[in-house]
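Architecture at a glance
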Amino acid sequence: MEVTGRCYCGAVHYKVEGEPTFTAQCHCRECQYLTGGAPNMFMVMPASTFAYTQGEAKGFTRTDIENAVTREFCPECGTHLLTRAKALPDGVVLKVGTMDDPGQYPGPQMAIYCMDKQSFHEVPEGVPEFDRFPG
């Protein structure tokens, strides 16, 4: 599978090849800040095949929480493109909304950080829910 995508303003573009390691929707409070309140839909893709093909993203890592991830944003429009986590050194956590064809997303295999799930968040029927990241 080849996935291409970009930020809202078009200053940053990316490409990644391979199959998703896993797909999920995240309900953590941090993701809610970034999405405007909704769960964050994502898929983990191989870091080894990921490349920015136009522009460069700016990384941000919180210093006030344990095991903070690095989130990469367009420096112009602020679109959250992906996340890099120490727990997933071989993957990039690609945000589905940035994909040129979001229809490539097969849907979530799991819902994570449901301890922070809001009453208006929906989890598709049959998708397992976890209070934190499983494992």
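Our subject in this report is the structure included herewith.

**Topic: the pairing of strand 8 (residues 80-84)**
Counting buried residues along strand 8, four of its five residues qualify, which places the element largely inside the surrounding structure. Looking at chain direction, strand 7 (residues 70-73) and strand 8 are connected through four bridges and run antiparallel. Paired with Phe73 across the bridge in strand 8 is His80. If you look at the hairpin formed by strand 7 and strand 8, you'll find six residues sitting between the two strands, and Gly78 has a positive phi there, around 85 degrees. Sheet topology note: the strand 8/strand 9 (residues 91-95) ladder contains two bridges and is antiparallel. Directly across from Leu82, in strand 9, lies its bridge partner Leu94.

**Re the pattern of salt bridges**
Pairing of side chains with opposite charge becomes possible as their charged atoms draw close. What the rule picks out here adds up to five salt bridges. For Asp64, the salt bridge is made with Arg62, and the minimal N-O distance between the two is 2.8 Å. The exposed category is assigned to Asp64, whose relative accessible area is 55%. A relative accessible area of 30% means that Arg62 is categorised as partly exposed. Lys117 is the salt-bridge partner of Glu129, the closest N and O atoms lying 2.9 Å from each other. Of this pair, Glu129 sits in the segment after strand 10 (110-112) while Lys117 sits in the segment after strand 10, placing them 12 residues apart in sequence. The partly exposed category is assigned to Glu129, whose relative accessible area is 42%. Residue Lys117 is classed as partly exposed on the basis of its relative accessible area, which comes to 31%. The network of salt bridges with shared partners includes Glu30, Arg62 and Asp64.

Here is what the cut-offs are and how they apply
- Residues numbered from 1 in each chain as written.
- Predicted model: local features only at pLDDT ≥ 70, side-chain atom pairs only at ≥ 80, totals over all residues.
- Heavy atoms only, no water.
- Buried < 20%, exposed > 50% of the residue type's maximum accessible area, 1.4 Å probe, protein only.
- Helix = DSSP H or I, 4+ residues; strand = E, 2+ residues; numbered from the N terminus.
- Pairing = 2+ DSSP bridges.
- Salt bridge = Lys/Arg side-chain N within 4 Å of Asp/Glu carboxyl O.

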